[in-house]
Amino acid sequence: MTDQDFEAALAARIDGKTKPQGALGRIEALAAQVARVQQTLTPRLQSCCLTIFAADHGIARHGVSAYPSEVTRQMVLNFAAGGAAANVFCKVNDVALQVVNSGVIGGRFLVPEVRNLPIAEGTACSLEGPAMTRAQRDAALAAGRDIGQEGAWDAVAFGEMGIGNTSAATLIAHALTGSELDALIGRGTGLDDAGLATKRRVLGQAAARRPGLTDPDEALAEFGGFEIAMIAGAMLGAAEARRIILVDGFIATAAALIAVRMEPMCRDAMIFAHRSAEPGHQAILDALQAEPLLDLGLRLGEGTGAVLVWPMVKSAVAMLNDMASFDSAGVSGRV
Ligand SMILES: Cc1cc2ncn([C@H]3O[C@H](COP(=O)(O)O)[C@@H](O)[C@H]3O)c2cc1C
Ligand SMILES: O=C(O)c1cccnc1
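This report concerns the structure included in the present document. (Residues numbered from 1 in each chain as written. Chains lettered and ligands numbered in written order. Predicted model: local features only at pLDDT ≥ 70, side-chain atom pairs only at ≥ 80, totals over all residues.)

**Thoughts on the sheet that holds strand 5 (residues 244-247)**
Sheet strands line up and pair through hydrogen bonds in the backbone, either parallel or antiparallel.
Okay, so step 1: Sheet architecture is open: six strands sit in the order 3-2-1-4-5-6, paired in parallel fashion. Edge positions in the sheet fall to strand 3 (114-116) and strand 6 (270-272), since each of these pairs with one other strand and no more. The mean angle between the axes of side-by-side strands here comes to 25°, regardless of whether they run parallel or antiparallel.
Okay, so step 2: Taken together, the seven bridges between strand 1 (residues 48-55) and strand 2 (residues 96-103) define a ladder with parallel strand orientation. Within the sheet, the bridge partner assigned to A55 lies in strand 2 and is G103. (Pairing = 2+ DSSP bridges. Helix = DSSP H or I, 4+ residues; strand = E, 2+ residues; numbered from the N terminus. Axes fitted to C-alpha atoms, helices over the stretch in contact; angles between N-to-C directions.)

**Here we look at unusual backbone geometry**
Peptide bonds are trans in most cases, and residues, glycine excluded, mostly fall at negative phi.
Okay, so step 1: The backbone of Q39 sits at a positive phi, close to 55°, despite the residue not being glycine.
Okay, so step 2: For Q39, the position within the fold is in the loop between helix 2 (25-38) and strand 1.
Okay, so step 3: Given 11 C-beta atoms within 10 Å, Q39 falls into the exposed group.
Okay, so step 4: Of note, R242 is a non-glycine position whose phi angle comes to about 60°, a positive value.
Okay, so step 5: With respect to the helices and strands, the residue R242 is situated in the loop between helix 10 (226-240) and strand 5. (Buried ≥ 20, exposed ≤ 12 C-beta atoms within 10 Å, placed from the backbone.)

This is the structure in structure tokens:
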């Protein structure tokens, strides 16, 4: 079947369902996207796995977050114990969850629920030099790519935990979108006005080290985090495996922009879940020409927003597969 024939058959199948044409709005577009990714008019969308990547950030020593770096490790143990927002949302929505130590300060985790794949115990501080070496970046991308391809999941979501990672994502967004740095900086975990002023000063100094940087590989090494690099790699791997990728908030979307700049085709597999309350998210979404499904004022990360849209995407595919057509149900068409 040619692409044109496939598109015509897909449109006919959706328009033939027992509803006024277009009446399921963006649910129809979602169903069509999944059909295109899987290259079938009868896509399958049964299983989803959220992988949360966790890592620490050298820049967090400079007062850019409302919380200390120790929270990264403490939250990983909370994920392992099942107590975080991401755990609760996964359980309710039948999404599997795994946690990866991409580079948390304090060494390996000794609980079986955490996969230890650390690149180092946190990045270097991007105020002083590159956050990671090129070798570390490439190792993180490769580890992520493997995770994006493993298993038999129909859909995947990627979350993150890393105190200071709104700073890393903001610096990446500045480099890759060309938006003014100040317009991208937000309060992250809830900085007060003094904290926000500090964050503006610190990020301004870090960005000034590499003015005019636009290359995604370079931006990732200069400003990234190990969790952000692994998410970008995982998205590349998942797209290659023709999996649907549910893209979470500000940090996950910054990783998505890196992945798309590295390999534009992977954009086709991405479903953008929600618009984060972090102000820089919109600029990244614009750069990706993405209109997210939800706008709930979320500003948590962990993959929480991505998991919330899983039932919606599954519903779209059920519409395509299970809903009756005018013909099959004997319902009269338009006059
Ligand atoms: C208890 C707690 C749970 C979290 N879960 C996700 N984040 C989110 O907040 C952090 C980014 O914000 P910033 O750049 O301001 O540090 C990341 O760890 C992100 O995953 C959390 C933050 C905290 C404090
Ligand atoms: O939208 C996000 O991903 C986000 C926003 C604030 C803090 N952590 C994550």
